[in-house]
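# Coordinate inspection notes
Chain residues, written in single-letter form:
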Amino acid sequence: MTTLTSAAAEEIIEACLARGQEIGKAFSIAVVDAGGFVLSVRRSDGARPLTPDIARAKAFSAAVMQRPTKMLHPWAESNPVFFSQLSQMTTYPIVATEGGVTVKRDGEILGGLGVSGGTGDEDQQVCDDVLAALGYELEFDNWAGAKKADTKKAEK
C-alpha cells in the first residue's frame, strides 16, 4: 500500500499556494492521509480565519469518502438526515461542496486535499490544477446506484 508522504503533502501545499498567488487569492490548504489524519495545513497571509478549518473538513471528507466533495451533493440532498448524522460521528464534518479532492495515484486512494479562501469554483480549480500538474488522478467512479441526473448535477 502506498502512502502519501509529508514531503508529497508539502509539495501539494506549495503548489496550491503558488496557484493562489497567480489568481490573487489568499487560501488555506490542508492535506490529509487516506485515513483523514492531517499531514499539513497552511494558511497564506491574508486568508480569512475560518479557512483552515474549512480546508481540513474538505480534505478529510475527500479522503474518507474516497470521492471529491463535489460528488457528495446528490447524497447530501437525497438523505440530509443521514448525511448530518454521519458528520456528527467523524473528527471533522463531512462536507458536500467544491474544493475537496481525493488524492489518488494508480487507482489507489492516498489522501485528501482541501482548499478554502476563494469561491467554490476557485477552490475546486486550484485543487484540480495542482493535482493534475503533479500527476495525480482526477477521475472517480460514480457512487453505486447513483442516477445519471444526480452525477451530472454533482459535476457542475
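For the structure itself, consult the block above.
Just so we're clear, the structure is a prediction, and the values are computed from it rather than from any experiment.

The rules behind the values
- Residues numbered from 1 in each chain as written.
- Predicted model: local features only at pLDDT ≥ 70, side-chain atom pairs only at ≥ 80, totals over all residues.
- Heavy atoms only, no water.
- Helix = DSSP H or I, 4+ residues; strand = E, 2+ residues; numbered from the N terminus.
- Buried < 20%, exposed > 50% of the residue type's maximum accessible area, 1.4 Å probe, protein only.
- Arc of directions from axis to C-beta.
- Pairing = 2+ DSSP bridges.
- Axes fitted to C-alpha atoms, helices over the stretch in contact; angles between N-to-C directions.
- Contact = heavy atoms within 4.5 Å.
- Polar contact = N/O pair within 3.5 Å; in protein donor to acceptor, adjacent residues only side chain to side chain.
- Salt bridge = Lys/Arg side-chain N within 4 Å of Asp/Glu carboxyl O.

Here we take up the environment of Val81. Tracing the chain through its elements places Val81 in helix α4 (residues 80-88). Each C-alpha atom, one on Val81 and one on Gly20, is 35 Å from the other, the two residues being 61 residues apart in sequence.

For an α-helix the count is 3.6 residues per turn, leaving residues at separations of three or four pointing the same way. Along α4, the residues that are buried comprise Phe83, Leu86 and Ser87. Projected down its long axis, α4 carries its buried residues within an arc of 100°, all on one side. In α4, the exposed positions that point more than 90 degrees away from the buried face belong to Val81 and Gln88.

With that settled, consider the sheet that holds strand β1 (residues 28-33). Pairing is antiparallel across the open sheet formed by four strands, whose spatial order is β2-β1-β4-β3. Where the open sheet ends on each side, the last strands, each with one partner, are β2 (38-43) and β3 (100-105). Between one strand axis and the next, the sheet turns through 15° on average, direction left out of account. Here six bridges tie β3 to strand β4 (residues 108-116), and the two strands are oriented antiparallel to one another. Residue pairing across strands places Val103 opposite Gly111, the latter belonging to β4. The strands that helix α2 (residues 51-64) touches are β1, β2, β3 and β4; relative to β4, the one it contacts most, it runs at about 155°. Contacts from helix α5 (residues 120-133) reach β3 and β4, with the element oriented near 10° to β3.

This part covers unusual backbone geometry. Its identity is not glycine, yet Gln66 carries a phi of approximately 60°, on the positive side. One can find Gln66 in the loop between α2 and α3 (73-78). Overall, Gln66 belongs to the partly exposed group, its relative accessible area being 39%. Even without being glycine, Asp106 reaches a positive phi, approximately 55°. With a relative accessible area of 72%, Asp106 lands in the exposed category.

With that out of the way, let us pick up the side chain of Thr102. Positionally, Thr102 belongs in strand β3. When its relative accessible area of 0% is taken as the criterion, Thr102 is described as buried. Within the local environment of Thr102, its side chain forms a polar contact with the backbone oxygen of Ala62, the two atoms lying 2.7 Å apart. Reaching out from Thr102, the side chain makes a polar contact with the backbone nitrogen of Arg67 at a distance of 3.0 Å. Apart from the residues within four sequence positions on either side, Thr102 is in contact with Ala62, Gln66, Arg67, Pro68, Ile109, Gly111, Gly112, Leu131, Glu137 and Phe140.

Under the criterion given, the structure shown has eight salt bridges. Taking the shortest distance from any N to any O, the salt bridge between Asp129 and Arg19 comes out at 3.0 Å. Taken together, the residues span a long stretch of sequence, with Asp129 in helix α5 and Arg19 in helix α1 (residues 6-23) at a distance of 110 residues. Across the pair Lys58 and Asp123 runs a salt bridge, and its minimum N-O distance is 2.9 Å. Here Lys58, found in helix α2, pairs with Asp123, found in helix α5; they are 65 residues apart in sequence, far enough to count as distant.

Both faces of the sheet carry side chains from a regular strand, because those side chains alternate between them. For β4, a buried count of eight out of nine residues is recorded, marking the element as mostly surrounded by other parts of the structure. From the end of β3 to the start of β4, which pair antiparallel, there are two residues, and Asp106 there has a positive phi angle of about 55°.

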